[in-house]
Amino acid sequence: MTRLSQYWPAIERVADANGVVRLGASDLADAHAELFDAWLDRGHHATMHYLAKNRDARRDPASRFPWAKSVIVILVPYSAERPEAPEGSLSNHVARYALGDDYHEVLERILRELEGVFGEGVKTWRYVDTGPLSDRAYGARSGLGWIGRNGMLINQELGSYFFIGTLLTSLENDIAPHAVADRCGTCTRCLDACPTNAILPDRTLDSNLCISYATIEHRGPLPPDLPLANNAFGCDICQEACPWNHDPAPTHPSFAARDEYRATPVTDLLRFQQDEFSTLFRKSAIKRAKLAGMRRNVEALFDSGVVTEGK
Ligand code: B12
């Protein structure tokens, strides 16, 4: 068997059993690779230098995996609701995607289950964020949504509060994507809401200005005069403003908001030792910011008067 459609019913079954809410497939062309190159050339990746590596593989994934012919794309929803919590709780200051388990591990596990559908002779490669490949570009190409004005892959029924996982396969793609229209229309709510004007007219963003980048990826002192709004880790402002997020899908169980984050005042992080940090953020994406980064972010919330007690 050499075509994806022959495995599709089994893939759909396994995906469904693992909490995947949308499934799609496409060929390997990334029709927008030039947009990525321009983004890098303008320095909009800030200090995320890893993104500038393997440009050839990004333009043509088959240059790295000569057997690769198609990509399967999965969407898995995270918590669209912030849990009820006392003022000053950690959960009030963390982006929704990080309220539960680390998505890298969860989506890897799901993609591994999907690989189990194929027998000997079918080659596959899993990507969750990890490779020179735009998850959103393939999500759009698979017909799972459109690239919104805020840069997010938006699905008409789900909104944008979901993760994307991709699986390269050696099978020919014969699953036809249904065409998806751009439904942002003339809406500019995300642009108007972003307090740092990080979103650019070509639907990419300047990471140097993005609160998500500053609070998660940036090392060292925060750029002066960059307002963090309410955020100690990540930022959802451009998604909160989006009208397509008003009726989101139920959360995958692994991404349910952790109770400990409601019970922990965000200012506790100022006094945390490394072992306390590692315990609270075990299997959590928040580990990426490191203890020093989280302390820096909470200090900034104090300095701007967003958090006033607990220092
Ligand atoms: C680096 C990175 C970041 C950086 C830079 C973000 C950015 N917008 O470029 C920072 C740290 C700021 C960041 C923040 C966030 N991230 Co992030 N991030 C990534 C990562 C690792 C690479 C993105 C990248 O290459 N950016 C460069 C730009 C140029 O590429 P791109 O965003 O993929 O855009 C391509 C498509 O838009 C494509 N395209 C395809 N078709 C079309 C059609 C049209 C008309 C247009 C204009 C473009 C277009 O062109 C671009 C180039 O190929 C991806 C995982 C991955 N490997 O893809 C996750 C990813 C994009 N992030 C994700 C998430 C959840 C977030 C946050 C919501 C987290 C948070 N709450 O703080 C924010 C959202 C900020 C935002 N509005 O984008 C999800 C997005 C899911 C979704 N529904 O879209 C991803 C896919 C991770 C995942 N596996 O689920 N992120």
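Residues numbered from 1 in each chain as written. Predicted model: local features only at pLDDT ≥ 70, side-chain atom pairs only at ≥ 80, totals over all residues.

J.: Help me out: how do you make sense of the overall build of the protein chain in this one?
T.: When you go through the protein chain residue by residue, the secondary structure sums to 11 helices and six strands. Taken against the 2.2 N^0.38 rule, which gives 19 Å for 311 residues, the C-alpha radius of gyration of the protein chain at 20 Å falls within 12% of a compact globule. Principal-axis analysis of the C-alpha atoms gives the protein chain an extent of 65 × 40 × 35 Å. Contacts spanning at least 24 positions in sequence make up 78% of the contacts within the protein chain whose residues lie at least 6 apart. (Helix = DSSP H or I, 4+ residues; strand = E, 2+ residues; numbered from the N terminus. Rg over C-alpha atoms; globule rule 2.2 N^0.38 Å. Contact = placed C-beta atoms within 7 Å.)

J.: Whenever I open this one, the site of the ligand confuses me. Can you help?
T.: Of all residues adjacent to the ligand, which total 41 residues, the nearest are His-32, Ala-95, Ser-134, Ser-212 and Gly-234. Elements with a contribution of two residues or more to the shell around the ligand: helix 2 (33-41), helix 5 (135-141), strand 6 (162-169) and helix 7 (211-216). Its residues assigned to classes, the shell around the ligand shows 24 nonpolar, nine polar and eight charged. (Near = placed C-beta within 6 Å. Nonpolar A, V, L, I, M, F, W, Y, C, P; charged D, E, K, R; others polar.)

J.: Looking at this structure, how should I read the environment of Gly-19?
T.: Summarising the element assignment, Gly-19 is placed in the loop between helix 1 (8-17) and strand 1 (22-26). Residue classification places Gly-19 among the partly exposed positions, given that 18 C-beta atoms sit within 10 Å. When the C-alpha positions of Gly-19 and Ile-110 are compared, they lie 8.6 Å apart, and in sequence the two are 91 residues distant. Apart from the residues within four sequence positions on either side, Gly-19 is in contact with Val-76, His-252 and Pro-253. (Buried ≥ 20, exposed ≤ 12 C-beta atoms within 10 Å, placed from the backbone.)

J.: I keep staring at the sheet that holds strand 1 and nothing clicks. Help me out?
T.: Strand pairing in a sheet takes place through backbone hydrogen bonds and is either antiparallel or parallel in direction. Spatial strand order, 1-2-6-3: four strands in an open sheet with antiparallel pairing. Each edge of the open sheet carries a strand with a single partner, namely strand 1 and strand 3 (124-127). For this sheet the average axis-to-axis angle between neighbouring strands, irrespective of direction, equals 20°. One ladder, built from five bridges, connects strand 1 with strand 2 (residues 70-77); its direction is antiparallel. Bridged to Arg-22 within strand 2 is Leu-75. Across the face of the sheet, helix 4 (residues 103-115) comes into contact with strand 2, strand 3 and strand 6 while running at roughly 40° to strand 6. (Pairing = 2+ DSSP bridges. Axes fitted to C-alpha atoms, helices over the stretch in contact; angles between N-to-C directions.)

J.: Can you walk me through the environment of Ser-5 in this structure?
T.: Looking at the element boundaries, Ser-5 is found in the segment before helix 1. When the 15 C-beta atoms within 10 Å are taken as the criterion, Ser-5 is described as partly exposed. Placed 171 residues apart in sequence, Ser-5 and Ala-176 show a C-alpha to C-alpha distance of 9.7 Å. When sequence neighbours within four positions are dropped, the list of residues in contact with Ser-5 reads Asp-174 and Ile-175.

J.: Mind showing me how you'd approach the nonpolar core here?
T.: Counting residues in hydrophobic clusters, the biggest one holds 79 residues, and the most contacted among them are Val-94 and Phe-233. Shared between two domains, this core holds at least three residues of each, these being domain 1 (4-169) and domain 2 (189-248 + 258-303). The residues contacting Val-94, other than those within four sequence positions of it, are Leu-99, Ala-232, Phe-233, Gly-234, Tyr-261 and Ile-286. (Core = buried A, V, L, I, M, F, W, Y, C linked by C-beta atoms within 7 Å. Domains from an automatic or database assignment.)

J.: I'm lost on helix 4 in this one. Help?
T.: Residues three or four positions apart in an α-helix share a direction because the helix packs 3.6 residues into each turn. Here helix 4 is 13 residues long and its end C-alpha atoms lie 18 Å apart, about the 18 Å a rise of 1.5 Å per residue gives. Those residues of helix 4 lying buried are Tyr-103, Val-106, Leu-107, Ile-110, Leu-111 and Leu-114. Projected down its long axis, helix 4 carries its buried residues within an arc of 130°, all on one side. Looking at the packing, one finds that the buried side of helix 4 touches helix 1, strand 2, strand 3 and strand 6. (Expected span 1.5 Å × (residues − 1). Arc of directions from axis to C-beta.)

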